[in-house]
Amino acid sequence: MPASLPTDLPTALPEGLPPRPDGATIAALRAELAQQHPGLELVGPERGAELERLSRDFNSYSPVLEPLFAGQQAQVVARPTTVAQVMAVASACARHRVPLTCRGGGTGNYGQCVPLSGGLVLDLSGLNRLRDLDPATGVITVDSGALMGDLERQLAASGRALRLVPSTVRSGSIGGFIAGGSVGIGSLRWGILRDPGNLLGLEVVTVEPEPRLLQLDAAASEALNHAYGSNGILTALQLPTTEAVDWVQLVVGFGDWDQALAAAQAIVRWAVELNSLNLLEEPVARAMPWPAGCPEAQCEHRLLLLAHPAALPVLTARLGQLGGQVLWQKPQSQSKGIPLRELGWNHTTLHWRSAQPDWTYLQLLLPQPEGAFLTALRQRWGGPIHWHLEGVRQQGDQRLVCLPLVPWQGRQRLEQLIADCRDLGAFLFNPHVFTVEDGGLGVVDADQVAAKAAHDPAGLLNPGKLRGWLER
Ligand SMILES: Cc1cc2nc3c(=O)[nH]c(=O)nc-3n(C[C@H](O)[C@H](O)[C@H](O)COP(=O)(O)OP(=O)(O)OC[C@H]3O[C@@H](n4cnc5c(N)ncnc54)[C@H](O)[C@@H]3O)c2cc1C
């Protein structure tokens, strides 16, 4: 990557957002919905704290984003429990020109479900049924608001599991994960959510005076995968599942960072099944809460694995040869307290920030060799910076991503760090921006914009989050 790429940390909300509706418009919309669908729950200013909570997510990990979203609030929240109610809300919003922002569990990190033009937040948590599990293929059809943790329990009864889950598996919805997430536990085997094959179909409601209920196949669904709900309301998803495994949680200690990194690079290439790999530098390991029975971290770096039970003899023997010591192991099903998978991905950031709220982070796909990059970046930064690495499969290769933790020292320092990361060859998935494009590959995806034109011609869905729509 060229050294001179701008980092583009936002300083303001975008121009060209639809206007915030006036009180009379919202009152008319509410009255109409209440009359036609008396069973539809509506939350308004009379339940102010709830309205505020349902307009927020976890963007506070970014000191760049948090101030931009201050005061951005929905004027009304609708909580449908049926697809017919979703269609009624979509119709009312289209006719009254009220912006509509979808919400699942509200656990996104980039303000994905924060409404930037007020209007209505559509809380889909009441749409939460597992509609179908095909016993022959393992393919499921599931309502978009289902919590992934609940879904996991239902699938386990049939020996199946979701391929990929975020570390927020307990509180995030499956629709929110597809619309707003990207990677997670299982990414070591199954790559990222947008890899072809991880989403097989969508049921979508359009935002028009007479909304359509579309059934999209895998190819047509691609444009709505990771589009922040800006180009269609997802009411159901078709997803492949994988065999359920009682993964064994392993905590391996290393006295030496280079040895720990070499082990992380080596074992993902062995013929052992791993569902996740996470490497924490010593200060980060010390800040984590650990599962019941797992010793607290002292001064060692820690490699955390979710491994297939059949892999244990090879892993324990070979990790010893690589300088590691297995400190604790327990099948996930028997774990008490916090499970190991809630120490990875942005849960690492969460636990770190609970003691150091003035720290922030980045998300980088590391160039190879990773060790040289980390040494060079630390040197350039010249201050405290701690490593947290995760294993992923990227276009068929096993790679490491890094979510480095750094103290917040102002925009300029963060801009410099971003420029250094790029200059040294890392690919940045910027967690300090709010558009789909800027948090991803940086380029406008014409298919995403075309899907918005087809499904949301008035541009009411999650305004401001699809840069390609604003720039068209
Ligand atoms: C501690 C922590 C750890 C995390 N770890 C991970 C991780 O491992 N991997 C990862 O990818 N993410 C992670 N995240 C981000 C987030 O938790 C996940 O992406 C999660 O799956 C989002 O689901 P949600 O239901 O909370 O979505 P929400 O935050 O409610 O919504 C996310 C986006 O999807 C849209 N949306 C939601 N439902 C629909 C729908 N039915 N139709 C259309 N659009 C919709 C929203 O408008 C929004 O743009 C983490 C966040 C935190 C705070």
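Look up: the structure comes first, before these words.
As the structure is a computational prediction, the values presented were derived from the model and not from experiment.

Participant: Would you explain the layout of surface pockets in this entry?
Facilitator: Which parts of space are left empty comes out when a probe the size of a water molecule is rolled across the atoms. There is about 650 Å³ of room inside the second largest pocket. Lining of the second largest pocket is provided by 28 residues; of these, Glu152, Val245, Gln332, Ser333 and Arg341 occupy positions nearest its centre. At the level of elements, helix H5 (148-156), strand E7 (160-162) and strand E11 (241-243) are the ones that each hand at least two residues to the lining of the second largest pocket. Among the elements that make up the lining of the second largest pocket, the one with the highest residue count is H5 (4 residues). Classifying every residue of the lining of the second largest pocket gives 11 nonpolar, 7 polar and 10 charged. Mapping the lining of the second largest pocket onto the domain boundaries places at least three of its residues in each of domain 1 (1-244 + 446-472) and domain 2 (248-361 + 364-428).

Participant: Just to check I follow, could you spell out empty space enclosed by the protein for this structure?
Facilitator: In this structure the tally under the stated criterion is 2 cavities of 30 Å³ or more. Its volume calculated, the largest cavity comes out at about 100 Å³. Per-element tally for the lining of the largest cavity: the top contributor is helix H6 (residues 174-180), with 3 residues. Broken down by secondary-structure element, the contributors of at least two residues to the lining of the second largest cavity are strand E13 (274-280) and strand E14 (301-307).

Participant: How should I be thinking about the side chain of Thr242 in this particular structure?
Facilitator: Within the secondary structure, Thr242 sits in strand E11. The class of Thr242 is buried, set by a relative accessible area of 4%. For Thr242, the side chain forms a polar contact with the side chain of Glu243, separated by 2.7 Å. Sequence-distant contacts of Thr242, that is, excluding residues within four places in its chain, are made with Gly159, Arg160, Ala161, Leu162, Arg163, Arg189 and Trp190.

Participant: Looking at this model, I keep getting lost on unusual backbone geometry. Mind explaining?
Facilitator: What you tend to see is this: most non-glycine residues have negative phi, and most peptide bonds are trans. Residue Pro369 follows Gln368 across a cis peptide bond; omega there is 0 degrees. Relative to the elements of secondary structure, Pro369 occurs in the loop between strand E17 (364-365) and helix H13 (370-381). The phi dihedral of Tyr228 falls on the positive side, at around 55 degrees, and the residue is not glycine. Within the secondary structure, Tyr228 sits in the loop between helix H8 (218-221) and strand E10 (233-239).

What counts as what
Residues numbered from 1 in each chain as written. Predicted model: local features only at pLDDT ≥ 70, side-chain atom pairs only at ≥ 80, totals over all residues. Heavy atoms only, no water. 1 Å grid on protein atoms, 1.4 Å probe; cavity = no way out; pocket = protein on both sides within 12 Å on 5 of 7 lines; lining within 4 Å. Points joined across faces, edges and corners; volume = space filled by probe spheres on them. Helix = DSSP H or I, 4+ residues; strand = E, 2+ residues; numbered from the N terminus. Nonpolar A, V, L, I, M, F, W, Y, C, P; charged D, E, K, R; others polar. Domains from an automatic or database assignment. Buried < 20%, exposed > 50% of the residue type's maximum accessible area, 1.4 Å probe, protein only. Polar contact = N/O pair within 3.5 Å; in protein donor to acceptor, adjacent residues only side chain to side chain. Contact = heavy atoms within 4.5 Å.

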